[in-house]
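# Examining the three-dimensional arrangement
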Amino acid sequence: MKKLLMGNEAVAQGLYEAGVAVVSSYPGTPSTEITECLAEHRDIYSEWAPNEKVALETAFGASLAGVRSFCAMKHVGLNVAADPLYTMSYTGVNAGLVIAVADDPGMHSSQNEQDSRHHAIASKVPMLEPADSDEALRFAKAAFELSEEYDTPVLLRMCTRIAHSRSIAEVGERKDVQPKPYHKEWTKYVMMPGPARVRHPIVEERTKKLSELGNSCDFNRVETGDPSLGIIASGTAYQYAKEVLGKNASYLKLGLVNPLPDRLILDFAKSVKRLVVIEELDPIIETHCTKLGLKVEGKNLFPLCGEFSQKLVAEKLGVPVPESVRLSDPVPERPPVMCPGCPHRGVFYTLSSLKLTVLGDIGCYTLGAAAPLNAIDTTLCMGASVSGLHGFNKASGASSAQKTVAVIGDSTFMHSGITGLVNISYNQSDSTVLILDNSITGMTGHQQNPSTGLDIHGDPAGKVDLEALCRAIGIDRVRVVDSYNLESVKKAVTEELAVSAPSVIICRRPCVLLKGVPKKAPLSVDSDKCRGCKSCMKLGCPAISFRDGKAHIDKTLCVGCSVCTQLCRFDAFLGKEEQLS
Amino acid sequence: MKSGNIIIVGVGGQGSLLASRFLGELFVSLGYDVKLSEVHGMSQRGGSVITYVRFGQQVASPLIDFGEADYILSFELLEAARYLPYLRKGGRIIANTQQIDPMPVITGKQSYPQDLKEQFESLGVEADLLDCLSLAGLAGSVKAVNIVLLGRLSRYFDYPEEIWYQALERVVPPKFLEINRKAFALGREKAPLEEK
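Please read all numbers here as calculations on a predicted model, not as lab measurements.

## Some details on the sheet that holds strand β9 (residues 221–223) of chain A
Residue and element names in this part refer to chain A. Spatially, β9-β11-β10-β13 is the arrangement adopted by the four strands of the open sheet, whose pairing is mixed. In this open sheet, the two strands that pair with only one neighbour each are β9 and β13 (274–278). With strand direction ignored, the average angle separating the axes of adjacent strands in the sheet is 20°. Where strand β10 (residues 229–234) lies against strand β11 (residues 250–254), five bridges are found, and the strand directions are parallel. When the bridges of β11 are listed, G230 appears paired with S250. Of the strands in this sheet, β9, β10, β11 and β13 are in contact with helix α11 (residues 235–245), which crosses β10 at around 145°.

Right, dumping it as structure tokens:
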């Protein structure tokens, strides 16, 4: 049956059809929906793990126990999971193990633009890259076969435009896969120097065999068109090239992107006059072609940075592009913002008004860096706020510790913040960490985490008690405030900064977008009372604008959080009751 | 149409994903190859969003580029202006007249352009502007702006009405179907905005 599927849905469908039995992931755009779709199948086990390393090790354990297992993550998540990955390459698998990794060229929702193919090369693990939903489904399914036949984990590389595009895919039935027995085999699974020295040559031999496979497998194909121009591409770049050139070029379309197929590339190169590699991000195929002694073009034409498109491909290859018009004046930017009623907003307003240095982290609250709050000084990676704060304070002493804080969300704290807090406690810095607990993993679209007490299905689960955890780590000063209450947030931050001891302030208030979180009626502005002082505008709430010298509330956006009322000295904001009276 | 390109633009959270899935289901039901490209993650948080809908015999790229869109379906007026370069020569803007101030306007750094309709006209661009927010309210939910606009778009295609309603049924949960049917009908039937 043919269905219109998002790339991530198609991956989930392919894995399901292939008989996947255990799924463990940490959410990360653009990979999240794969695991969410798998979780809809109650006949398989799926979970959100605290981070990608734990998720991949869980999947490895399941593979060892004999069932096909899977793990999804975004590109930077693979850095976290790199440690198990690189050695799993040596141990190989028992039942098939597939890892989806989603790159984000153009950084639609990421902190960097790293190219996951480097991890595949460095860990010597095969990598498949689909170019639409149908391939996503087929490749995901085939990845398990590849994994078991070659005794290796298999990486499935997605990117934003494949993961979040919908196209038609052929959907089939789930295959019944019998679990494989587990046999103790310490020379294969205990990677200490002796056995690992035996395994490494096996890995090198496997790579050679896979490269040979690439010369003849269905993942790679040659499409013969005009031989004057030969394009080597994979994924999105292949689609852009097809869009622009159609039959006016010949193509070597690669699906197995690591290891690369030497003979196929050499034969293709011989069949065309001009050879061009089109690849987003780094010149990996191009460099391989150069190593093979080929005369090839690539990054001399195409950029290293950003996402490609058909226009870019056309321009770089000298194909005319359609005319377009634009307005004479530039249009105001519309950057992403924290939602109306976001519990983080008041916290950042407070940190900003106290003129603190704020080490930030990864999540919705990263948006606290933007105007008008401008509250965040750094964002690096998951957990770096907490450990960075410790280093910052150790370097600058009390003068810093009294005006510097870290902010980290509940899910990010579970992911990688705990170990940083252990360091603060163990090596004693007078650091003040704010855990912004909105009771959900927000930015990726509302996934549960170990501190919410619910599992991936929303069913009751184990719950990490944040206060108890921080105390157990050795933080004696742990307090909880309501994120909406500006006065209590300010009091807590001021007091904890003044104390010469490590402290944690948990700013707690569930994400306003969560189902079941009651929304209040929108506020309105009493224009007689409003003096147009713009105090409320400093919050940067999308529901408040300034019209004709007065504050104005957009009733379609306001959720009545009332943080703005706490800033108004003239009682100009009216709640529902006051509006009625 | 043999093939077509529609971009759906607006502010994150306005319902562009549902709109693109609606059109995707519609064109699949008509036997086309279809590709849609969506925005998830950070940009969804109140930022400017663009979703691409392509249909034809065989569609390669999931994106629509400058000068290629037959229609710009815009949930917010400023966003129609932002993505204007995507419109092909002779293409049409179909836009909600609602104005949502972006942060640089809220903070007073920039101002919201007031004469966008005139600017579109001066460039020779056809713009069908409609107060979808009021119509959505009339249908029973201000959230149905996306469906009002889709109703509007349907006027420009020669497909039988029931094809559209069938696609609507496939993407909207049953309990919201009635409101959305009303919203679609209002967008489809409402006379074009008179020149002001």
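Back to the write-up after that little detour.
## Thoughts on the nonpolar core
Residues and elements named next belong to chain A. F348, L351, L421, V433 and L434 are the most contacted members of the largest nonpolar core, which totals 69 residues. Ranked by residue count, the leading element in this core is helix α20 (residues 486–498), at five residues. If you count residues domain by domain, this core takes at least three from each of domain 3 (343–508) and domain 4 (524–580).

## Things to note about the sheet that holds strand β14 (residues 357–359) of chain A
Residue and element names in this part refer to chain A. Pairing in this open sheet of five strands is parallel, and the strands run β14-β15-β16-β18-β17 from one edge to the other. With partners counted over all chains shown, the strands left at the sheet margins are β14 and β17 (477–482), one partner each. Ignoring which end each strand starts from, the neighbouring axes of this sheet average 25° apart. Here five bridges tie strand β15 (residues 404–409) to strand β16 (residues 432–437), and the two strands are oriented parallel to one another. Each residue of the ladder has a partner; that of I408, found in β16, is I435. Strand contacts of helix α18 (residues 410–426): β15, β16 and β18 (503–508), with the helix running at about 140° to β15, the strand carrying the most contacts. Across the face of the sheet, α20 comes into contact with β15, β16, β17 and β18 while running at roughly 160° to β17.

## Re the domain arrangement of chain A
All names here are of chain A. When cut into domains, chain A gives domain 1 (2–213), domain 2 (221–316), domain 3 (343–508) and domain 4 (524–580). Using only C-alpha atoms to locate each centre, domain 1 and domain 3 end up separated by 32 Å. Contacts between the two partners involve 17 residues from domain 1 and, on the opposite side, 18 residues from domain 3. Both faces combined, the contact of domain 1 with domain 3 buries some 1300 Å², and carbon together with sulfur accounts for 57% of it. Of all residues in domain 1, Y26, W48 and Q111 bury the most surface against domain 3, accounting for 36% of the area lost on that side. Joining domain 1 to domain 3, the criterion identifies one salt bridge.

## Describing the packing of helix α1 (residues 16–29) of chain B against helix α7 (residues 161–171) of chain B
All names here are of chain B. At a minimum axis separation of 9 Å, α1 and α7 run at an interaxial angle of 125°. The angle between α1 and α7 places the two elements in the oblique class. For the element pair α1 and α7, the recorded crossing hand is right-handed. Residues L18, R21, F22, L23, E25, L26 and S29 of α1 touch α7, and the partners they reach there are I163, W164, A167, L168, R170 and V171. Class assignment of the residues belonging to the contact of α1 with α7 gives a composition of nine nonpolar, one polar and three charged.

## Let's talk about the pattern of salt bridges
Counting across every chain of the model gives 46 salt bridges over all chains. In this structure, the salt-bridge partner of R174(A) is D43(A), at a minimum N-O distance of 4.0 Å. Taken as a pair, R174(A) in the loop between β8 (165–170) and α9 (186–189) and D43(A) in the loop between α2 (32–39) and β3 (45–48) lie far apart in primary sequence, 131 residues in all. Between D101(B) and R547(A) there is a salt bridge, and its shortest N-O distance comes to 3.1 Å. A residue pair is termed interchain when its members come from two chains, as with D101(B) in the loop between β5 (87–96) and α3 (103–106) and R547(A) in strand β20 (residues 544–547). Three or more residues joined by partner-sharing salt bridges are found here, namely D103(A), D115(A), R117(A), E129(A), R157(A) and E279(A).

## Observations concerning the environment of L421(A)
All names here are of chain A. By the element assignment, L421 lies in helix α18. It is 9.8 Å that separates the C-alpha atoms of L421 and L389, two residues lying 32 residues apart in sequence. In this view, L421 contacts V386, F413, V433, C470, I473, I475 and V504; residues no more than four positions away in its chain are not counted.

## Concerning the packing of aromatic side chains
Counted by the stated rule, this structure contains 19 aromatic pairs over all chains. With a centroid separation of 6.0 Å and 35° between ring planes, the pair formed by W164(B) and F184(B) is classed as tilted. Linking W164(B) in helix α7 with F184(B) in helix α8 (residues 174–189), this pair joins segments that are 20 residues apart in sequence. Neither residue differs from the other here; W164(B) and F184(B) are each classed as buried. Aromatic side chains Y165(B) and F184(B) sit 5.1 Å apart centroid to centroid with 65° between the ring planes, which places their arrangement in the edge-to-face category. Of the two residues, Y165(B) is situated in helix α7 and F184(B) in helix α8; the sequence distance between them amounts to 19 residues. F184(B) matches Y165(B) in its accessibility class, with the two residues each being buried. Stacked on the ring of Y238(A), the Lys or Arg K253(A) has its end atom at 5.7 Å from the ring centre. Seen from the ring of F546(A), K534(A) lies directly overhead, with NZ or CZ sitting 4.6 Å from the centre.

Conventions we followed
Residues numbered from 1 in each chain as written. Chains lettered and ligands numbered in written order. Predicted model: local features only at pLDDT ≥ 70, side-chain atom pairs only at ≥ 80, totals over all residues. Heavy atoms only, no water. Pairing = 2+ DSSP bridges. Helix = DSSP H or I, 4+ residues; strand = E, 2+ residues; numbered from the N terminus. Axes fitted to C-alpha atoms, helices over the stretch in contact; angles between N-to-C directions. Contact = heavy atoms within 4.5 Å. Core = buried A, V, L, I, M, F, W, Y, C linked by side-chain atoms within 4.5 Å. Buried < 20%, exposed > 50% of the residue type's maximum accessible area, 1.4 Å probe, protein only. Domains from an automatic or database assignment. Buried area = accessible area lost by both parts, 1.4 Å probe. Salt bridge = Lys/Arg side-chain N within 4 Å of Asp/Glu carboxyl O. Parallel < 35°, antiparallel > 145°, perpendicular 65-115°, else oblique. Left-handed = near helix turned anticlockwise from the far one by under 90°. Nonpolar A, V, L, I, M, F, W, Y, C, P; charged D, E, K, R; others polar. Phe/Tyr/Trp six-rings, centres within 6.5 Å; stacked < 30°, edge-to-face > 60°. Lys NZ or Arg CZ within 6 Å of the ring centre and 35° of its normal.

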